[in-house]
Protein chains: 2
Amino acid sequence: MDQVICTVDVVLLTLKEQRLNVALLKRDREPYKGVAALPGGFIHAEEDGDARDAALRVLREKTGIDAPYLEQLATFSGPARDPRGWSVSIAYTALVHDEVIEKAAHPDVKMACVDRKLSLPFDHKAIVDTAVARLRSKSQYSSLPCYLLGASFTLPQLQRVYEALLAEPINKVSFRRKMTEMAMLESVDGEMEAGGAHRPAQLYRLKPEYRDQLRLLERGL
Amino acid sequence: MDQVICTVDVVLLTLKEQRLNVALLKRDREPYKGVAALPGGFIHAEEDGDARDAALRVLREKTGIDAPYLEQLATFSGPARDPRGWSVSIAYTALVHDEVIEKAAHPDVKMACVDRKLSLPFDHKAIVDTAVARLRSKSQYSSLPCYLLGASFTLPQLQRVYEALLAEPINKVSFRRKMTEMAMLESVDGEMEAGGAHRPAQLYRLKPEYRDQLRLLERGL
DNA sequence: TTAATAGTGTCTGTTAGACAGTATGGG
DNA sequence: CCCATACTGTCTAACAGACACTATTAA
(Lines give C-alpha, C1' and ligand atoms only; values in the text may rest on other atoms or scores of the structure.)
Protein backbone atom coordinates (compact mmCIF):
# COMPACT_ATOMS: atom_id res chain seq x y z
CA MET A 1 0.00 0.00 0.00
CA ASP A 2 1.32 3.40 -0.92
CA GLN A 3 1.79 5.75 1.98
CA VAL A 4 -0.48 8.77 1.73
CA ILE A 5 -0.61 11.54 4.33
CA CYS A 6 -4.19 12.31 5.30
CA THR A 7 -5.08 15.71 6.71
CA VAL A 8 -7.91 18.21 7.07
CA ASP A 9 -7.68 21.96 6.62
CA VAL A 10 -10.26 24.55 7.61
CA VAL A 11 -10.93 27.83 5.85
CA LEU A 12 -12.50 29.81 8.66
CA LEU A 13 -14.16 32.88 7.16
CA THR A 14 -15.75 35.90 8.72
CA LEU A 15 -16.77 39.41 7.74
CA LYS A 16 -14.87 42.30 9.31
CA GLU A 17 -16.04 45.73 8.25
CA GLN A 18 -17.75 44.33 5.15
CA ARG A 19 -14.63 42.44 4.06
CA LEU A 20 -14.10 38.70 4.02
CA ASN A 21 -11.31 37.59 6.32
CA VAL A 22 -9.71 34.20 6.74
CA ALA A 23 -8.23 32.83 9.95
CA LEU A 24 -4.53 32.04 9.78
CA LEU A 25 -2.52 30.32 12.45
CA LYS A 26 1.19 30.41 13.08
CA ARG A 27 2.43 26.86 12.54
CA ASP A 28 3.93 25.35 15.69
CA ARG A 29 5.97 22.64 13.93
CA GLU A 30 7.83 21.79 10.76
CA PRO A 31 7.34 22.09 7.88
CA TYR A 32 6.86 25.85 7.62
CA LYS A 33 7.22 26.26 11.40
CA GLY A 34 6.31 29.81 12.40
CA VAL A 35 4.59 30.57 9.10
CA ALA A 36 0.93 31.61 9.01
CA ALA A 37 -1.25 28.88 7.49
CA LEU A 38 -4.75 27.48 7.57
CA PRO A 39 -5.66 25.59 10.74
CA GLY A 40 -5.21 21.96 9.84
CA GLY A 41 -3.95 18.64 11.07
CA PHE A 42 -3.82 14.94 10.62
CA ILE A 43 -6.87 12.78 10.84
CA HIS A 44 -6.79 10.81 14.09
CA ALA A 45 -8.26 7.46 13.21
CA GLU A 46 -8.86 6.44 16.83
CA GLU A 47 -10.82 9.49 17.83
CA ASP A 48 -12.35 11.06 14.70
CA GLY A 49 -15.69 9.69 13.50
CA ASP A 50 -15.05 11.07 10.04
CA ALA A 51 -13.20 13.89 8.32
CA ARG A 52 -15.79 16.41 9.40
CA ASP A 53 -15.21 15.46 13.03
CA ALA A 54 -11.50 15.86 12.44
CA ALA A 55 -12.08 19.35 11.04
CA LEU A 56 -14.22 20.29 14.04
CA ARG A 57 -11.60 18.89 16.42
CA VAL A 58 -8.75 20.72 14.69
CA LEU A 59 -10.70 23.97 14.78
CA ARG A 60 -11.52 23.56 18.45
CA GLU A 61 -7.97 22.63 19.42
CA LYS A 62 -6.23 25.28 17.37
CA THR A 63 -8.60 28.24 17.55
CA GLY A 64 -10.94 27.54 20.43
CA ILE A 65 -13.95 27.86 18.15
CA ASP A 66 -16.64 25.27 18.62
CA ALA A 67 -19.42 24.08 16.33
CA PRO A 68 -19.44 26.73 13.62
CA TYR A 69 -21.33 26.33 10.36
CA LEU A 70 -19.08 23.86 8.56
CA GLU A 71 -19.28 22.36 5.11
CA GLN A 72 -16.93 20.28 3.03
CA LEU A 73 -15.22 22.32 0.35
CA ALA A 74 -13.07 19.95 -1.74
CA THR A 75 -10.13 17.64 -1.41
CA PHE A 76 -6.68 18.68 -2.49
CA SER A 77 -4.02 16.11 -3.22
CA GLY A 78 -0.70 15.37 -4.85
CA PRO A 79 2.96 14.63 -4.23
CA ALA A 80 4.17 18.24 -4.12
CA ARG A 81 1.71 20.12 -1.95
CA ASP A 82 3.34 18.92 1.30
CA PRO A 83 7.12 18.40 1.57
CA ARG A 84 6.54 15.36 3.79
CA GLY A 85 5.18 13.38 0.85
CA TRP A 86 2.12 12.47 -1.20
CA SER A 87 -0.75 14.01 0.71
CA VAL A 88 -4.49 14.47 0.77
CA SER A 89 -6.17 17.40 2.46
CA ILE A 90 -9.92 17.36 2.91
CA ALA A 91 -10.73 21.05 3.13
CA TYR A 92 -13.73 22.47 4.98
CA THR A 93 -15.20 25.95 4.98
CA ALA A 94 -16.34 27.31 8.34
CA LEU A 95 -18.42 30.47 8.63
CA VAL A 96 -18.77 32.38 11.86
CA HIS A 97 -19.80 35.77 13.09
CA ASP A 98 -16.91 38.10 13.74
CA GLU A 99 -17.79 38.18 17.45
CA VAL A 100 -17.19 34.45 17.78
CA ILE A 101 -13.58 34.92 16.79
CA GLU A 102 -13.16 37.93 19.03
CA LYS A 103 -14.60 36.03 21.99
CA ALA A 104 -12.33 33.04 21.38
CA ALA A 105 -9.47 35.60 21.27
CA HIS A 106 -6.87 32.96 20.50
CA PRO A 107 -3.43 34.59 20.59
CA ASP A 108 -1.98 32.73 17.58
CA VAL A 109 -4.95 33.34 15.30
CA LYS A 110 -4.68 36.27 12.91
CA MET A 111 -7.39 37.31 10.50
CA ALA A 112 -6.31 38.28 7.00
CA CYS A 113 -8.42 39.98 4.36
CA VAL A 114 -8.88 37.54 1.47
CA ASP A 115 -8.70 40.35 -1.08
CA ARG A 116 -5.10 41.12 -0.12
CA LYS A 117 -2.32 39.13 -1.74
CA LEU A 118 -1.81 36.25 0.65
CA SER A 119 1.38 34.27 0.68
CA LEU A 120 0.60 30.92 2.23
CA PRO A 121 2.47 27.62 2.55
CA PHE A 122 1.40 24.31 0.98
CA ASP A 123 -1.41 24.97 -1.52
CA HIS A 124 -3.34 26.92 1.08
CA LYS A 125 -3.72 29.92 -1.21
CA ALA A 126 -5.58 27.76 -3.73
CA ILE A 127 -7.74 26.32 -0.94
CA VAL A 128 -8.67 29.80 0.31
CA ASP A 129 -9.42 30.98 -3.22
CA THR A 130 -11.64 27.97 -3.80
CA ALA A 131 -13.51 28.57 -0.55
CA VAL A 132 -14.05 32.25 -1.27
CA ALA A 133 -15.23 31.57 -4.82
CA ARG A 134 -17.66 28.91 -3.55
CA LEU A 135 -19.01 31.21 -0.84
CA ARG A 136 -19.50 34.09 -3.25
CA SER A 137 -21.15 31.81 -5.78
CA LYS A 138 -23.53 30.25 -3.26
CA SER A 139 -24.41 33.69 -1.93
CA GLN A 140 -26.21 34.32 -5.21
CA TYR A 141 -28.89 31.75 -4.52
CA SER A 142 -28.76 30.53 -0.93
CA SER A 143 -29.01 31.45 2.72
CA LEU A 144 -25.30 30.80 3.27
CA PRO A 145 -24.41 34.42 4.16
CA CYS A 146 -26.66 34.18 7.24
CA TYR A 147 -23.96 32.16 8.96
CA LEU A 148 -21.63 35.16 8.87
CA LEU A 149 -23.98 36.93 11.27
CA GLY A 150 -24.86 36.20 14.87
CA ALA A 151 -27.92 34.44 16.24
CA SER A 152 -30.18 37.38 15.42
CA PHE A 153 -29.83 40.18 12.94
CA THR A 154 -31.83 42.71 10.95
CA LEU A 155 -32.66 42.56 7.26
CA PRO A 156 -30.59 45.66 6.50
CA GLN A 157 -27.60 43.97 8.20
CA LEU A 158 -28.18 40.81 6.19
CA GLN A 159 -28.46 42.78 2.97
CA ARG A 160 -25.12 44.46 3.68
CA VAL A 161 -23.57 41.00 4.11
CA TYR A 162 -24.93 39.83 0.76
CA GLU A 163 -23.75 43.02 -0.87
CA ALA A 164 -20.26 42.66 0.61
CA LEU A 165 -20.01 39.08 -0.69
CA LEU A 166 -21.44 39.79 -4.12
CA ALA A 167 -19.61 43.11 -4.35
CA GLU A 168 -22.63 44.82 -5.83
CA PRO A 169 -25.66 46.70 -4.51
CA ILE A 170 -28.93 44.78 -4.25
CA ASN A 171 -32.38 46.23 -4.74
CA LYS A 172 -33.97 46.51 -1.30
CA VAL A 173 -37.47 45.47 -2.34
CA SER A 174 -36.22 42.47 -4.31
CA PHE A 175 -33.92 41.43 -1.50
CA ARG A 176 -36.75 41.41 0.98
CA ARG A 177 -39.00 39.51 -1.43
CA LYS A 178 -36.28 36.89 -1.81
CA MET A 179 -35.74 36.51 1.91
CA THR A 180 -39.49 36.07 2.33
CA GLU A 181 -39.46 33.52 -0.49
CA MET A 182 -36.69 31.52 1.19
CA ALA A 183 -38.86 31.46 4.31
CA MET A 184 -35.96 30.66 6.56
CA LEU A 185 -36.27 33.59 8.95
CA GLU A 186 -38.56 34.23 11.88
CA SER A 187 -38.91 37.56 13.56
CA VAL A 188 -37.73 38.00 17.13
CA ASP A 189 -40.60 40.01 18.51
CA GLY A 190 -40.14 43.06 20.62
CA GLU A 191 -36.42 43.19 20.01
CA MET A 192 -35.13 45.87 17.72
CA GLU A 193 -31.72 47.02 16.67
CA ALA A 194 -30.50 49.74 19.03
CA GLY A 195 -28.47 52.67 17.78
CA GLY A 196 -29.02 55.62 15.53
CA ALA A 197 -31.47 58.44 15.37
CA HIS A 198 -33.92 56.62 13.17
CA ARG A 199 -36.50 53.88 13.07
CA PRO A 200 -35.03 50.64 14.48
CA ALA A 201 -35.09 47.53 12.30
CA GLN A 202 -36.90 44.32 13.08
CA LEU A 203 -34.68 41.53 14.37
CA TYR A 204 -34.81 38.08 12.79
CA ARG A 205 -33.17 34.72 13.40
CA LEU A 206 -32.84 31.53 11.39
CA LYS A 207 -35.70 29.14 12.01
CA PRO A 208 -34.36 26.21 14.07
CA GLU A 209 -34.70 23.78 11.14
CA TYR A 210 -32.38 25.90 9.00
CA ARG A 211 -29.66 26.49 11.59
CA ASP A 212 -27.53 23.79 9.96
CA GLN A 213 -29.25 23.40 6.63
CA LEU A 214 -28.99 25.71 3.67
CA ARG A 215 -32.01 27.20 2.00
CA LEU A 216 -31.91 27.60 -1.77
CA LEU A 217 -33.66 29.97 -4.16
CA GLU A 218 -35.21 28.75 -7.40
CA ARG A 219 -33.84 31.84 -9.12
CA GLY A 220 -30.99 33.76 -7.57
CA LEU A 221 -31.10 37.21 -6.04
CA MET B 1 0.63 8.69 12.57
CA ASP B 2 -2.72 7.04 12.31
CA GLN B 3 -3.13 4.68 9.41
CA VAL B 4 -5.81 5.85 6.99
CA ILE B 5 -6.76 3.98 3.81
CA CYS B 6 -6.87 6.36 0.87
CA THR B 7 -8.99 5.50 -2.17
CA VAL B 8 -10.88 7.03 -5.06
CA ASP B 9 -14.31 5.98 -6.34
CA VAL B 10 -15.94 6.99 -9.59
CA VAL B 11 -19.66 7.43 -10.18
CA LEU B 12 -19.80 6.93 -13.94
CA LEU B 13 -23.20 8.14 -15.14
CA THR B 14 -24.90 7.93 -18.49
CA LEU B 15 -28.39 8.24 -19.93
CA LYS B 16 -29.99 5.11 -21.34
CA GLU B 17 -33.45 5.62 -22.76
CA GLN B 18 -33.91 8.86 -20.84
CA ARG B 19 -32.92 7.26 -17.54
CA LEU B 20 -29.80 7.87 -15.52
CA ASN B 21 -27.65 4.77 -15.17
CA VAL B 22 -24.56 4.20 -13.06
CA ALA B 23 -21.71 1.87 -13.95
CA LEU B 24 -21.16 -0.96 -11.47
CA LEU B 25 -18.27 -3.37 -11.52
CA LYS B 26 -18.06 -6.83 -10.02
CA ARG B 27 -15.34 -6.61 -7.36
CA ASP B 28 -12.38 -8.88 -8.11
CA ARG B 29 -11.04 -9.05 -4.55
CA GLU B 30 -12.04 -8.94 -0.93
CA PRO B 31 -13.83 -7.30 0.72
CA TYR B 32 -17.14 -7.86 -1.05
CA LYS B 33 -15.48 -9.99 -3.73
CA GLY B 34 -17.94 -10.66 -6.54
CA VAL B 35 -20.33 -7.93 -5.45
CA ALA B 36 -21.23 -5.09 -7.84
CA ALA B 37 -19.73 -1.79 -6.66
CA LEU B 38 -18.47 1.53 -7.95
CA PRO B 39 -15.18 1.39 -9.84
CA GLY B 40 -12.58 2.42 -7.30
CA GLY B 41 -9.14 1.73 -5.99
CA PHE B 42 -6.26 2.87 -3.93
CA ILE B 43 -4.29 5.98 -4.74
CA HIS B 44 -0.88 4.97 -6.09
CA ALA B 45 1.51 7.56 -4.72
CA GLU B 46 4.29 6.69 -7.16
CA GLU B 47 2.27 7.07 -10.32
CA ASP B 48 -0.73 9.33 -9.62
CA GLY B 49 -0.18 13.08 -9.94
CA ASP B 50 -3.20 13.72 -7.77
CA ALA B 51 -6.51 12.15 -6.82
CA ARG B 52 -8.07 13.15 -10.12
CA ASP B 53 -5.32 11.26 -11.97
CA ALA B 54 -6.01 8.28 -9.75
CA ALA B 55 -9.70 8.43 -10.65
CA LEU B 56 -8.88 8.61 -14.36
CA ARG B 57 -6.44 5.72 -14.02
CA VAL B 58 -8.92 3.57 -12.10
CA LEU B 59 -11.60 4.27 -14.67
CA ARG B 60 -9.29 3.40 -17.55
CA GLU B 61 -8.01 0.22 -15.90
CA LYS B 62 -11.36 -1.05 -14.71
CA THR B 63 -13.74 0.02 -17.45
CA GLY B 64 -11.57 0.89 -20.45
CA ILE B 65 -13.06 4.39 -20.57
CA ASP B 66 -10.58 7.16 -21.16
CA ALA B 67 -10.81 10.89 -20.46
CA PRO B 68 -14.49 11.41 -19.77
CA TYR B 69 -15.88 14.61 -18.29
CA LEU B 70 -14.80 14.20 -14.66
CA GLU B 71 -15.37 16.36 -11.62
CA GLN B 72 -14.73 15.91 -7.96
CA LEU B 73 -17.91 15.10 -6.05
CA ALA B 74 -17.04 14.91 -2.36
CA THR B 75 -14.93 12.93 0.04
CA PHE B 76 -16.42 10.21 2.18
CA SER B 77 -14.65 9.02 5.29
CA GLY B 78 -14.91 7.16 8.57
CA PRO B 79 -13.98 3.99 10.42
CA ALA B 80 -16.97 1.91 9.33
CA ARG B 81 -17.37 2.47 5.61
CA ASP B 82 -14.63 -0.04 4.72
CA PRO B 83 -14.07 -3.21 6.78
CA ARG B 84 -10.33 -2.87 6.27
CA GLY B 85 -10.21 0.16 8.54
CA TRP B 86 -10.54 3.94 8.79
CA SER B 87 -10.79 5.06 5.19
CA VAL B 88 -11.13 8.06 2.94
CA SER B 89 -12.68 7.88 -0.50
CA ILE B 90 -12.37 10.86 -2.79
CA ALA B 91 -15.39 10.42 -5.06
CA TYR B 92 -15.58 11.69 -8.63
CA THR B 93 -18.50 11.97 -11.00
CA ALA B 94 -17.84 11.02 -14.62
CA LEU B 95 -20.34 11.77 -17.38
CA VAL B 96 -20.22 10.04 -20.72
CA HIS B 97 -22.41 9.40 -23.69
CA ASP B 98 -24.05 6.00 -23.67
CA GLU B 99 -22.11 5.03 -26.81
CA VAL B 100 -18.80 5.44 -25.02
CA ILE B 101 -19.75 2.71 -22.60
CA GLU B 102 -21.09 0.48 -25.34
CA LYS B 103 -17.91 0.88 -27.35
CA ALA B 104 -15.72 0.08 -24.35
CA ALA B 105 -17.93 -3.01 -23.91
CA HIS B 106 -16.17 -4.09 -20.78
CA PRO B 107 -17.51 -7.52 -19.74
CA ASP B 108 -17.57 -6.85 -15.98
CA VAL B 109 -19.29 -3.48 -16.23
CA LYS B 110 -23.03 -3.46 -15.72
CA MET B 111 -25.19 -0.36 -15.93
CA ALA B 112 -27.90 0.04 -13.31
CA CYS B 113 -30.73 2.56 -13.31
CA VAL B 114 -30.23 4.94 -10.40
CA ASP B 115 -33.96 5.15 -9.77
CA ARG B 116 -34.11 1.46 -8.88
CA LYS B 117 -33.32 0.39 -5.35
CA LEU B 118 -29.62 -0.30 -5.46
CA SER B 119 -27.95 -2.45 -2.87
CA LEU B 120 -24.28 -1.54 -2.84
CA PRO B 121 -21.32 -2.33 -0.59
CA PHE B 122 -19.37 0.21 1.47
CA ASP B 123 -21.23 3.54 1.44
CA HIS B 124 -21.50 3.43 -2.34
CA LYS B 125 -25.26 3.97 -2.26
CA ALA B 126 -24.76 7.27 -0.48
CA ILE B 127 -22.04 8.24 -2.96
CA VAL B 128 -24.29 7.49 -5.93
CA ASP B 129 -27.18 9.38 -4.36
CA THR B 130 -24.94 12.39 -3.77
CA ALA B 131 -23.69 12.30 -7.36
CA VAL B 132 -27.19 12.06 -8.81
CA ALA B 133 -28.50 14.85 -6.61
CA ARG B 134 -25.58 17.07 -7.59
CA LEU B 135 -26.05 16.34 -11.29
CA ARG B 136 -29.77 17.06 -11.16
CA SER B 137 -29.19 20.23 -9.19
CA LYS B 138 -26.51 21.54 -11.55
CA SER B 139 -28.68 20.72 -14.55
CA GLN B 140 -30.96 23.55 -13.46
CA TYR B 141 -28.41 26.23 -14.21
CA SER B 142 -25.45 24.81 -16.14
CA SER B 143 -24.26 23.10 -19.29
CA LEU B 144 -23.47 19.90 -17.39
CA PRO B 145 -26.04 17.72 -19.22
CA CYS B 146 -24.16 18.30 -22.49
CA TYR B 147 -21.56 15.79 -21.35
CA LEU B 148 -24.16 13.03 -21.40
CA LEU B 149 -24.33 13.41 -25.18
CA GLY B 150 -21.78 12.72 -27.86
CA ALA B 151 -19.54 15.17 -29.67
CA SER B 152 -22.45 16.62 -31.63
CA PHE B 153 -26.15 16.68 -30.96
CA THR B 154 -29.32 18.57 -31.77
CA LEU B 155 -31.16 20.99 -29.53
CA PRO B 156 -34.22 18.70 -29.29
CA GLN B 157 -31.90 15.90 -28.12
CA LEU B 158 -30.31 18.19 -25.55
CA GLN B 159 -33.71 19.34 -24.34
CA ARG B 160 -34.75 15.73 -23.81
CA VAL B 161 -31.62 15.19 -21.70
CA TYR B 162 -32.42 18.20 -19.53
CA GLU B 163 -36.01 17.04 -19.20
CA ALA B 164 -34.93 13.54 -18.21
CA LEU B 165 -32.61 14.91 -15.53
CA LEU B 166 -35.04 17.49 -14.17
CA ALA B 167 -37.98 15.11 -14.53
CA GLU B 168 -40.20 17.86 -15.91
CA PRO B 169 -41.05 19.27 -19.33
CA ILE B 170 -39.26 22.45 -20.39
CA ASN B 171 -40.72 25.18 -22.57
CA LYS B 172 -39.11 24.90 -25.98
CA VAL B 173 -38.75 28.62 -26.65
CA SER B 174 -37.30 29.31 -23.20
CA PHE B 175 -34.93 26.38 -23.49
CA ARG B 176 -33.55 27.64 -26.76
CA ARG B 177 -33.23 31.16 -25.39
CA LYS B 178 -31.24 29.79 -22.45
CA MET B 179 -28.93 27.75 -24.64
CA THR B 180 -28.28 30.84 -26.73
CA GLU B 181 -27.65 32.82 -23.55
CA MET B 182 -25.08 30.26 -22.34
CA ALA B 183 -23.35 30.70 -25.69
CA MET B 184 -21.48 27.44 -25.37
CA LEU B 185 -22.68 25.79 -28.57
CA GLU B 186 -21.60 26.21 -32.16
CA SER B 187 -23.50 24.80 -35.08
CA VAL B 188 -21.97 22.04 -37.16
CA ASP B 189 -22.85 23.29 -40.61
CA GLY B 190 -24.29 21.09 -43.28
CA GLU B 191 -24.76 18.20 -40.90
CA MET B 192 -28.28 17.36 -39.86
CA GLU B 193 -29.82 14.66 -37.78
CA ALA B 194 -30.82 11.79 -40.01
CA GLY B 195 -33.98 9.85 -39.38
CA GLY B 196 -37.69 10.46 -39.46
CA ALA B 197 -40.11 11.81 -41.96
CA HIS B 198 -39.79 15.37 -40.83
CA ARG B 199 -37.54 18.38 -40.86
CA PRO B 200 -34.08 17.42 -39.63
CA ALA B 201 -32.60 19.32 -36.68
CA GLN B 202 -29.47 21.40 -36.74
CA LEU B 203 -26.44 19.73 -35.20
CA TYR B 204 -24.39 21.54 -32.56
CA ARG B 205 -21.26 20.83 -30.59
CA LEU B 206 -19.64 22.37 -27.53
CA LYS B 207 -17.27 25.17 -28.40
CA PRO B 208 -13.71 23.94 -27.84
CA GLU B 209 -13.21 26.23 -24.85
CA TYR B 210 -16.17 24.63 -23.06
CA ARG B 211 -15.27 20.98 -23.69
CA ASP B 212 -13.91 20.70 -20.14
CA GLN B 213 -15.36 23.77 -18.52
CA LEU B 214 -18.91 24.24 -17.33
CA ARG B 215 -21.03 27.15 -18.45
CA LEU B 216 -23.40 28.67 -15.89
CA LEU B 217 -26.65 30.58 -16.21
CA GLU B 218 -27.32 33.71 -14.18
CA ARG B 219 -30.86 32.49 -13.60
CA GLY B 220 -31.71 28.82 -14.09
CA LEU B 221 -33.78 27.28 -16.85
C1' DT C 1 -50.58 16.41 -50.10
C1' DT C 2 -50.07 14.76 -45.32
C1' DA C 3 -47.65 13.76 -41.21
C1' DA C 4 -44.26 14.76 -38.21
C1' DT C 5 -40.88 17.37 -35.97
C1' DA C 6 -37.75 21.74 -36.21
C1' DG C 7 -37.52 26.29 -35.47
C1' DT C 8 -39.49 31.29 -34.76
C1' DG C 9 -42.56 35.53 -33.94
C1' DT C 10 -45.42 37.35 -30.77
C1' DC C 11 -48.56 37.89 -27.00
C1' DT C 12 -49.29 37.54 -22.17
C1' DG C 13 -48.51 36.74 -17.43
C1' DT C 14 -44.90 36.81 -13.91
C1' DT C 15 -41.05 38.69 -11.70
C1' DA C 16 -37.46 42.02 -10.72
C1' DG C 17 -36.10 46.72 -10.05
C1' DA C 18 -36.99 51.86 -9.57
C1' DC C 19 -39.06 55.17 -7.03
C1' DA C 20 -41.61 57.36 -4.00
C1' DG C 21 -44.35 57.17 -0.22
C1' DT C 22 -45.31 56.14 4.86
C1' DA C 23 -43.44 54.58 9.59
C1' DT C 24 -40.77 55.32 13.56
C1' DG C 25 -37.04 56.29 16.12
C1' DG C 26 -33.65 60.40 18.13
C1' DG C 27 -32.42 65.16 18.50
C1' DC D 1 -40.26 70.25 13.77
C1' DC D 2 -36.10 67.77 11.19
C1' DC D 3 -33.27 63.95 9.86
C1' DA D 4 -32.12 59.32 9.19
C1' DT D 5 -33.17 54.81 8.30
C1' DA D 6 -36.91 51.01 8.10
C1' DC D 7 -40.36 49.39 5.58
C1' DT D 8 -44.09 49.16 1.80
C1' DG D 9 -47.20 50.23 -2.31
C1' DT D 10 -47.04 50.68 -6.98
C1' DC D 11 -45.43 51.50 -11.60
C1' DT D 12 -42.43 49.87 -15.22
C1' DA D 13 -39.21 47.08 -17.52
C1' DA D 14 -37.39 42.59 -18.31
C1' DC D 15 -38.12 37.88 -18.73
C1' DA D 16 -40.36 33.34 -19.07
C1' DG D 17 -43.97 30.52 -20.92
C1' DA D 18 -48.00 29.63 -24.16
C1' DC D 19 -49.37 29.39 -28.66
C1' DA D 20 -49.52 29.60 -33.20
C1' DC D 21 -47.27 29.97 -37.33
C1' DT D 22 -43.72 28.80 -40.82
C1' DA D 23 -39.93 25.43 -42.45
C1' DT D 24 -38.39 21.14 -44.10
C1' DT D 25 -38.06 16.51 -44.57
C1' DA D 26 -40.17 11.49 -46.06
C1' DA D 27 -43.85 8.99 -47.73
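Please read all numbers here as calculations on a predicted model, not as lab measurements.

Asker: Please give an account of the sheet that holds strand β8 (residues 152–154) of chain B that cites residues and values.
Answerer: Residue and element names in this part refer to chain B. Taken in spatial order, the three strands make up an open sheet running β8-β10-β9, and their pairing is antiparallel. A strand with exactly one partner marks an edge of an open sheet, and here the two such strands are β8 and β9 (185–192). Between one strand axis and the next, the sheet turns by 45 degrees as a mean value, whatever way the strands run. Both β9 and strand β10 (residues 202–206) contribute to a ladder of four bridges, which runs antiparallel. Residue pairing in the sheet places M192 in a bridge with Q202 of β10.

Asker: I'd like a rundown of the interface of chain A and chain B, residues and numbers included.
Answerer: The partner chain B presents 27 residues to the 27 residues of chain A that form the contact. In terms of surface lost to chain B, no three residues of chain A exceed D2, W86 and R219 of chain A, which account for 24% of the buried area on that side. Where chain A packs against chain B, one counts eleven residue pairs in polar contact (both at pLDDT 80 or more). Within the residue set of the side of chain A that touches chain B, elements represented by two or more residues are β5 (69–78) and β6 (87–95) of chain A. In terms of residue count, β5 of chain A provides more of the side of chain A that touches chain B than any other element does, five residues in total. Taken together, the residues of the side of chain A that touches chain B sort by class into 14 nonpolar, eight polar and five charged.

Asker: Report on the relation of the copies chain A and chain B, specifying residues and quantitative values.
Answerer: If you rotate chain A by 180 degrees and push it 0.0 Å along the axis, it lands on chain B with an RMSD of 0.0 Å. This pairing of chains is accounted for by a two-fold axis. Rotation axis and chain A: the residue whose C-alpha lies nearest the axis is R219 of chain A, separated from it by 2.7 Å. A shared binding surface is used by both copies, with 100% of the interface residues of chain A retained as interface residues in chain B.

Asker: Could you give me a rundown of the protein's contact with DNA strand D, with the residues and numbers involved?
Answerer: Not every one of the 21 residues close to DNA strand D is listed here, only the nearest: K172, R176 and Q202 of chain A together with R177 and K178 of chain B. At 3.3 Å, a backbone N or O of A197 of chain B approaches a base oxygen of DNA strand D. Only α5 (172–182) of chain A together with α5 (172–182) of chain B provide two or more residues apiece to the surface near DNA strand D. Looking at which element gives the most residues to the surface near DNA strand D, the answer is α5 of chain B, with four residues. Taken together, the residues of the surface near DNA strand D break down into eight nonpolar, six polar and seven charged.

Asker: Describe the domain arrangement of chain A, with residues and values.
Answerer: Residues and elements named next belong to chain A. Domain annotation for chain A reports domain 1 (5–115) and domain 2 (139–210). Put simply, the middle of domain 1 and the middle of domain 2, counted by C-alpha atoms, are 27 Å apart. Every contact between the two is made by eleven residues of domain 1 and, on the other side, nine residues of domain 2. Between domain 1 and domain 2, the buried area comes to about 820 Å², and carbon and sulfur atoms account for 74% of it. Put simply, domain 1 and domain 2 have zero salt bridges between them. Looking at the side of domain 1 that touches domain 2, the elements that each hand over two or more residues are β1 (5–16) and β5.

Asker: Please provide a residue-by-residue account of the packing of aromatic side chains, values included.
Answerer: Two aromatic rings, taken as a pair, are described by how far apart their centres are and by the angle between their planes. A full pass over the atoms with the stated rule returns seven aromatic pairs over all chains. Geometrically, the ring pair formed by Y162 of chain A and F175 of chain A is edge-to-face, given 5.3 Å between the ring centres and 70 degrees between the ring planes. Placement of Y162 of chain A in helix α4 (residues 155–166) and of F175 of chain A in helix α5 is noted, with a sequence separation of 13 residues between them. Of the two residues examined, Y162 of chain A and F175 of chain A, each falls in the buried class. Where Y32 of chain B meets F122 of chain B, the ring centres are 4.8 Å apart and the plane angle is 75 degrees; that geometry is what we call edge-to-face. A residue pair is termed long-range when its members are at least 10 positions apart, and Y32 of chain B in the loop between β2 (19–26) and β3 (36–37) and F122 of chain B in the loop between β7 (109–113) and α3 (124–139) qualify at 90 residues. Residue Y32 of chain B is classed as partly exposed on the basis of its relative accessible area of 35%. Using a relative accessible area of 16% as the deciding quantity, one classes F122 of chain B as buried.

Definitions and limits used
- Every residue gets a number counted from 1 within its own chain, in the order that chain's sequence is written.
- The naming scheme follows written order: chains are lettered A onward, ligands numbered 1 onward.
- In view of the model being predicted, local features appear only for residues whose pLDDT reaches at least 70, and side-chain atom pairs are presented and counted only at 80 or more, with totals across whole chains, interfaces and linings using the full set of residues.
- Think of the side-chain values as coming from all heavy atoms in the structure, minus any hydrogens and water.
- Two strands pair under a simple rule: DSSP has to find at least two bridges between them.
- Secondary structure elements follow DSSP: runs of H or I no shorter than four residues count as helices, runs of E no shorter than two count as strands, and numbering proceeds from the N terminus.
- Every angle, taken between N-to-C directions, lies between 0 and 180 degrees, and every axis is a line fitted to C-alpha atoms, over only the stretch in contact when it is a helix.
- Should any heavy atoms of two residues lie within 4.5 Å, those residues are considered in contact.
- For any pair of parts, buried area is found by adding up, for both, the accessible area (1.4 Å probe) each one loses once the two are put together.
- Polar contacts, as used here, are pairs of N or O atoms within 3.5 Å; protein pairs need one atom able to donate a hydrogen and one able to accept it. Residues neighboring in sequence count only if both atoms are side-chain atoms.
- Residues are sorted three ways: Asp, Glu, Lys and Arg are charged, Ala, Val, Leu, Ile, Met, Phe, Trp, Tyr, Cys and Pro are nonpolar, and all the rest, Gly among them, are polar.
- Here the copies are matched by least squares. The fit uses the C-alpha atoms of residues with pLDDT of at least 70 in both.
- Working definition: residue near molecule or strand if any one of its non-hydrogen atoms lies within 4 Å of it.
- Throughout the structure description, domain borders are defined by an automatic or database domain assignment.
- Salt bridges, as used here, are contacts in which a Lys or Arg side-chain nitrogen is within 4 Å of a carboxyl oxygen on Asp or Glu.
- Only centres within 6.5 Å qualify two rings of Phe, Tyr or Trp (six-membered ring in Trp) as a pair; their planes then separate them into stacked at under 30 degrees, edge-to-face at over 60, and tilted for everything else.
- Exposure classes here rest on a 1.4 Å probe applied to the protein chains alone. A residue is buried below 20% of its type maximum, exposed above 50%, and partly exposed in between.

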